[in-house]
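Report on the structure
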Amino acid sequence: MDIVLFFKKNVYFSVAAPKPMEEFYSIADTYKPLQPSVKGHADGMVYQEIRPVGEIRKYVYCFWQLRTRSRLSEPYTYRVVSDGCIDIFFNHRHSTDSFIMGFCRKYVAFSIGNDFDYIGIRFLPGAFPGLFSLNAKKLSNRSVKLDSLLPDLSQWIATHMSIGKSFKVSAEILEEWLSQKIMQQKPSFDNRFLKAVIIIFEKRGCLDVATDLDIGLSPRQLRRVFNYYIGTTPKAFSNVVRFQEVLYAKPSRQSLRKQKFYYDLGFFDQAHFIKNFKTFYGITPSEAFG
């Protein structure tokens, strides 16, 4: 039986990992993708997350809602930071408007109007292609209408996600639907891909892909597997994981200047770190953590 060692917030722990599904479950325990650009109750808006329970927490990080409490004076631009995940989301007030957003190499800004109520499902890295048998590369760096790829799911959302339901009730309905799909489909995943993802998490995204991801695949095969499950290369995904580690750390302006922790994550200097962070977040570290 293999033993996999995880690192999370300066705590090491080990778990048995003889089967693909157990390894996928450990991804849920290890990776916490953050979207910090809207915090709680911002002016005129509410952002909240509900974590799933049971079987689907192996695949789904959270259900989320972003809505206005009252009509905003100006259209709002929502900035999505890079997190390595695929999201399905829809306008709760017009549930025929549903979308999929794939892996993004940089932050993406959406103008979403003055009055909105969006609900989404954030899938853990690799989960969406395994559940829906869709190549993640087709979604990479873009958002597409859900009915163009999964018309049955788009229609189901339009039918079941009526405006009168609360976010909590909507999340429960979505969770039940996904649970039934998992029970019927019994999805499976490439064990080699899961091992590679776990190594990337262990090393917090700071690794040499050519030497550290020794999982029995050639570089070309490894890229092909990652393109299918994530939508990008192992190196690009590792960079996003490293960026997410910075978000976990929540460094202050003072610690950025004095402690220079970014050296521990493989950045050559402060300029390199700031440029990388701005690519994934859209603003500098000082602006984000000030």
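Whatever comes next refers back to the structure up there.
In this report, the structure presented in the accompanying data block is examined. (Residues numbered from 1 in each chain as written. Predicted model: local features only at pLDDT ≥ 70, side-chain atom pairs only at ≥ 80, totals over all residues. Heavy atoms only, no water.)

Some details on the packing of aromatic side chains
The geometry of two aromatic rings is summed up by the distance between their centres and the angle between their planes. Under the criterion given, the structure shown has 25 aromatic pairs. Measuring from centroid to centroid gives 4.5 Å for Phe-193 and Tyr-229, while their planes differ by 15 degrees, and the two rings are stacked. Residue Phe-193 is found in helix H5 (residues 191–202), and its partner Tyr-229 is found in helix H7 (residues 219–229); the two are separated by 36 residues along the sequence. Each member of the pair, Phe-193 as well as Tyr-229, is classed as buried. An aromatic cluster is defined as three or more aromatic residues linked by ring pairs; in this entry it consists of Tyr-31, Tyr-59, Phe-189, Phe-193, Phe-201, Phe-226, Tyr-228, Tyr-229 and Phe-237. Looking at Arg-242, its charged tip hangs above the ring of Phe-267, at a distance of 3.9 Å from the centre. (Phe/Tyr/Trp six-rings, centres within 6.5 Å; stacked < 30°, edge-to-face > 60°. Helix = DSSP H or I, 4+ residues; strand = E, 2+ residues; numbered from the N terminus. Buried < 20%, exposed > 50% of the residue type's maximum accessible area, 1.4 Å probe, protein only. Lys NZ or Arg CZ within 6 Å of the ring centre and 35° of its normal.)

Details of the environment of Gly-84
Mapped onto the fold, Gly-84 is located in the loop between strand S5 (77–80) and strand S6 (86–91). The buried category is assigned to Gly-84, whose relative accessible area is 4%. Along the primary structure Gly-84 and Gly-113 are separated by 29 residues, whereas in three dimensions their C-alpha atoms are 26 Å apart. For Gly-84, the residues in contact, after removing those within four places along its chain, are Phe-103, Pro-125, Phe-237 and Val-240. (Contact = heavy atoms within 4.5 Å.)

A few points about the packing of helix H3 (residues 151–160) against helix H4 (residues 167–185)
As a packed pair, H3 and H4 sit with axes 12 Å apart at the nearest point and diverge in direction by 145 degrees. Like other packed secondary-structure pairs, H3 and H4 cross with a definite hand, here right-handed. In this structure, H3 contributes Leu-153, Trp-156 and His-160 to the contact, and H4 contributes Ile-173, Leu-174 and Trp-177. Each residue belonging to the contact of H3 with H4 can be placed in one class, and the counts come to 5 nonpolar, 1 polar and no charged. (Axes fitted to C-alpha atoms, helices over the stretch in contact; angles between N-to-C directions. Left-handed = near helix turned anticlockwise from the far one by under 90°. Nonpolar A, V, L, I, M, F, W, Y, C, P; charged D, E, K, R; others polar.)

Thoughts on the side chain of Asp-83
Tracing the backbone through its elements, the reader meets Asp-83 in the loop between S5 and S6. A distance of 3.0 Å separates the side chain of Asp-83 from the side chain of Gln-35, its partner in a polar contact. The contacts of Asp-83, once residues within four sequence positions are left out, are Tyr-31, Pro-33, Leu-34, Gln-35, Arg-122, Val-240 and Gln-244. (Polar contact = N/O pair within 3.5 Å; in protein donor to acceptor, adjacent residues only side chain to side chain.)

What to know about unusual backbone geometry
Residue Ser-133 is not a glycine yet carries a positive backbone phi of 55 degrees. Judged by its relative accessible area of 56%, Ser-133 falls in the exposed class. The phi dihedral of Arg-204 is positive, around 55 degrees, even though this residue is not glycine. Along the chain, Arg-204 falls in the loop between H5 and helix H6 (209–212).

Regarding the sheet that holds strand S10 (residues 143–145)
Across the sheet, which stays open at both edges, the 6 strands sit in the order S3-S4-S9-S6-S7-S10 with antiparallel pairing between neighbours. Edge positions in the sheet fall to strand S3 (45–50) and S10, since each of these pairs with one other strand and no more. In this sheet, neighbouring strand axes are inclined to one another by 20 degrees on average, regardless of whether the strands run parallel or antiparallel. Across 7 bridges, strand S4 (residues 60–68) lies against strand S9 (residues 117–123) in antiparallel orientation. By the bridge assignment for S9, Gln-65 is matched with Ile-119. The sheet contacts of H3 involve S6 and strand S7 (94–101), and relative to S7 the element is tilted by about 140 degrees. (Pairing = 2+ DSSP bridges.)

Thoughts on the pattern of salt bridges
Considering all chains together, one arrives at 10 salt bridges under this definition. Asp-87 is the partner of Arg-122 in a salt bridge, and the nearest nitrogen-oxygen pair spans 3.3 Å. Taken together, the residues span a long stretch of sequence, with Arg-122 in strand S9 and Asp-87 in strand S6 at a distance of 35 residues. Judged on exposure class, the residue Arg-122 and its partner Asp-87 are both buried. Across the pair Asp-115 and Arg-93 runs a salt bridge whose closest N-O atoms are separated by 2.6 Å. Taken together, the positions of Asp-115 in the loop between strand S8 (108–111) and S9 and Arg-93 in the loop between S6 and S7 put the pair 22 residues apart, joining distant regions of the chain. (Salt bridge = Lys/Arg side-chain N within 4 Å of Asp/Glu carboxyl O.)

Describing empty space enclosed by the protein
Summed over all chains, the structure comprises 2 cavities of 30 Å³ or more. The volume enclosed by the second largest cavity comes to roughly 40 Å³. Lining the second largest cavity are Ile-88, Ile-121, Phe-123, Phe-132, Leu-153, Ile-157, Leu-174, Trp-177 and Leu-178. At the level of elements, S9, H3 and H4 are the ones that each hand at least two residues to the lining of the second largest cavity. Counting residues per element, the lining of the second largest cavity draws most heavily on H4, at 3 residues. Its residues placed into classes, the lining of the second largest cavity shows 9 nonpolar, no polar and no charged. (1 Å grid on protein atoms, 1.4 Å probe; cavity = no way out; pocket = protein on both sides within 12 Å on 5 of 7 lines; lining within 4 Å. Points joined across faces, edges and corners; volume = space filled by probe spheres on them.)

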